[in-house]
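Structural characterization, general
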Amino acid sequence: MFLIDLNRACAGAEELIGQLYKGDRRLPQAIEHVIVEMVFQLGKTGVSKFRKMWAALSVGDRQEAASQMKDSKWHEQTPVRCEALADIVANA
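To start, this report covers the structure provided alongside it. Note that the coordinates shown come from a computational prediction; the quantities given were computed from them, not determined experimentally. In every chain, residue numbers begin from 1 and rise along the written sequence. pLDDT decides what is reported in this predicted model: residues at 70 or higher carry local features, side-chain atom pairs at 80 or more are listed and counted, and totals for whole chains, interfaces and linings draw on all residues regardless. Only hydrogens and water are set aside; all other atoms, that is, all heavy atoms of the structure, feed into the side-chain values.

**Examining the packing of aromatic side chains**
Each aromatic pair joins two rings of Phe, Tyr and Trp (for Trp, the six-membered one) with centres within 6.5 Å, and gets the label stacked for planes under 30 degrees apart, edge-to-face for over 60, and tilted for any other angle. Here the structure, examined in full by the defined rule, presents 2 aromatic pairs. Measuring from ring centre to ring centre gives 5.9 Å for F50 and W74, while their planes differ by 85 degrees; the resulting arrangement is edge-to-face. Of the two residues, F50 is situated in the loop between α2 (29-48) and α3 (51-58) and W74 in helix α5 (residues 73-77); the sequence distance between them amounts to 24 residues. Of the two residues, F50 and W74, both sit in the buried class. Working definition: helices are DSSP H or I runs of at least four residues, strands are E runs of at least two. Numbering for both runs from the N terminus. Only protein chains enter the accessibility calculation, which uses a 1.4 Å probe; a residue whose area is less than 20% of its type maximum is buried, one above 50% is exposed, and one in between is partly exposed.

Listed below in structure tokens is the structure:
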């Protein structure tokens, strides 16, 4: 069951990242892993709603992306996980 969920999260993250970046440009691998973990927990639809985070990532503003991750209901629900993942994004 875990592998099915993990594969689904990877596919969802890849789709969301692909909408952000066309062509050869990619996010740092550490940030891609964060997106996979977010999709695993929140689902692809949930992560797609982080519009300001995606906008910040699209211009390479990792600090703002991390800030937007923390400015969410997700942060209220799982603050330790959210902050840990936001720190990875900010410092990738």
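That covers the picture; the talk isn't over yet.
**Observations regarding the packing of α2 against α3**
Axes here refer to lines fitted to C-alpha atoms; in helices the fit is confined to the stretch in contact. Angles between the N-to-C directions go from 0 to 180 degrees. Between α2 and α3, the shortest axis-to-axis distance is 13 Å and the interhelical angle comes to 145 degrees. As α2 runs across α3, the sense of the crossing is left-handed. Of α3, the residues touching α2 (which contributes I31, I35, M38, V47 and S48) are R51, M53, W54 and L57. Each residue gets one of three labels, nonpolar for Ala, Val, Leu, Ile, Met, Phe, Trp, Tyr, Cys and Pro, charged for Asp, Glu, Lys and Arg, and polar for the others, Gly among them. A per-class count over the contact of α2 with α3 returns 7 nonpolar, 1 polar and 1 charged. A crossing counts as left-handed when the near helix is turned anticlockwise from the far one by less than a right angle, and as right-handed when that turn is clockwise. Here, residues are in contact when the closest pair of their heavy atoms is within 4.5 Å.

**Overview of the state of the cysteines**
Only a pair of cysteine sulfur atoms within 2.5 Å qualifies as a disulfide here. Within this structure, the stated rule accounts for 0 disulfides. Among the cysteines around C10, which has no disulfide bond, C82 carries the closest sulfur, lying 20 Å off. Exposure remark for C10: the relative accessible area of 34% places this residue in the partly exposed category.

**Here we look at helix α4 (residues 62-70)**
Buried within α4 we find A65, A66, Q68 and M69. Each buried residue of α4 lies within a common arc of 160 degrees when the element is viewed along its axis, so the set occupies one face. Packing partners of the buried residues in α4 comprise α2, α3, α5 and α6 (79-91). An arc is given here, and it is the one of the directions from the helix axis to the C-beta atoms.

Keep in mind that these numbers describe shape and distance, not what the molecule does.
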